[in-house]
Amino acid sequence: MSERTNTEVFTEELEDILVAEDEQFPFSLVVWNDDVNTFDWVIASLIEVCGHTHQQAEQCALIIHHNGKYAVKEGEYHKLRPMWEALVERGITATIEEMADK
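Every value quoted in this text rests on a predicted model; they were computed, and no experiment measured them. (Residues numbered from 1 in each chain as written. Predicted model: local features only at pLDDT ≥ 70, side-chain atom pairs only at ≥ 80, totals over all residues. Heavy atoms only, no water.)

A. Seen up close, the nonpolar core. With 18 residues, the main nonpolar core has Leu29, Val31, Leu46, Cys50, Val72 and Leu87 as its most contacted residues. Counting only elements with at least two residues in this core, the list comes to β1 (27–32), α2 (39–50), α3 (54–67) and α4 (77–89). Sort the elements by how many residues they give to this core and α2 lands first, with five residues. (Core = buried A, V, L, I, M, F, W, Y, C linked by side-chain atoms within 4.5 Å. Buried < 20%, exposed > 50% of the residue type's maximum accessible area, 1.4 Å probe, protein only. Helix = DSSP H or I, 4+ residues; strand = E, 2+ residues; numbered from the N terminus.)

B. Layout of the side chain of Ser45. Locating Ser45 in the fold gives a position in helix α2. Accessibility expressed as a relative area gives 0% for Ser45, which makes it buried. Within the structure, Ser45 has its side chain in polar contact with the backbone oxygen of Trp41 (distance 2.8 Å). Dropping the residues within four chain positions of it, Ser45 is found in contact with Cys50, Leu87, Arg90 and Ile92. (Polar contact = N/O pair within 3.5 Å; in protein donor to acceptor, adjacent residues only side chain to side chain. Contact = heavy atoms within 4.5 Å.)

C. Spotlight on the packing of aromatic side chains. Per the counting criterion, the structure on display carries one aromatic pair. Considering the side-chain rings of Phe27 and Tyr77, the 5.5 Å spacing of their centres and the 70° angle between planes classify their relative orientation as edge-to-face. Linking Phe27 in strand β1 with Tyr77 in helix α4, this pair joins segments that are 50 residues apart in sequence. The exposure class of Phe27 is buried, given its relative accessible area of 16%. Judged by its relative accessible area of 34%, Tyr77 falls in the partly exposed class. (Phe/Tyr/Trp six-rings, centres within 6.5 Å; stacked < 30°, edge-to-face > 60°.)

Read these as geometric descriptors, not functional statements.
What follows is the structure, given as structure tokens:
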């Protein structure tokens, strides 16, 4: 039986860690309806924070209004977190939720 060197074991463990980091769960940035924020404020915020076009932001605002919430952006947690923080700082109710398997 051949013995593995410490370097081989360390390299294999490091590769396992890197693969695990790449396999992050996809998340959704969900904006919730409220009675405080105006359509214009939500639209402007989605444009400035999430990079939506005016039309995309307007459609999101309408869906939020009618359905009570809407996932305005999808992606990795570390990319959505700054957007979530910016929306919350603007007084918009938002959450980051793990997406169900597609």
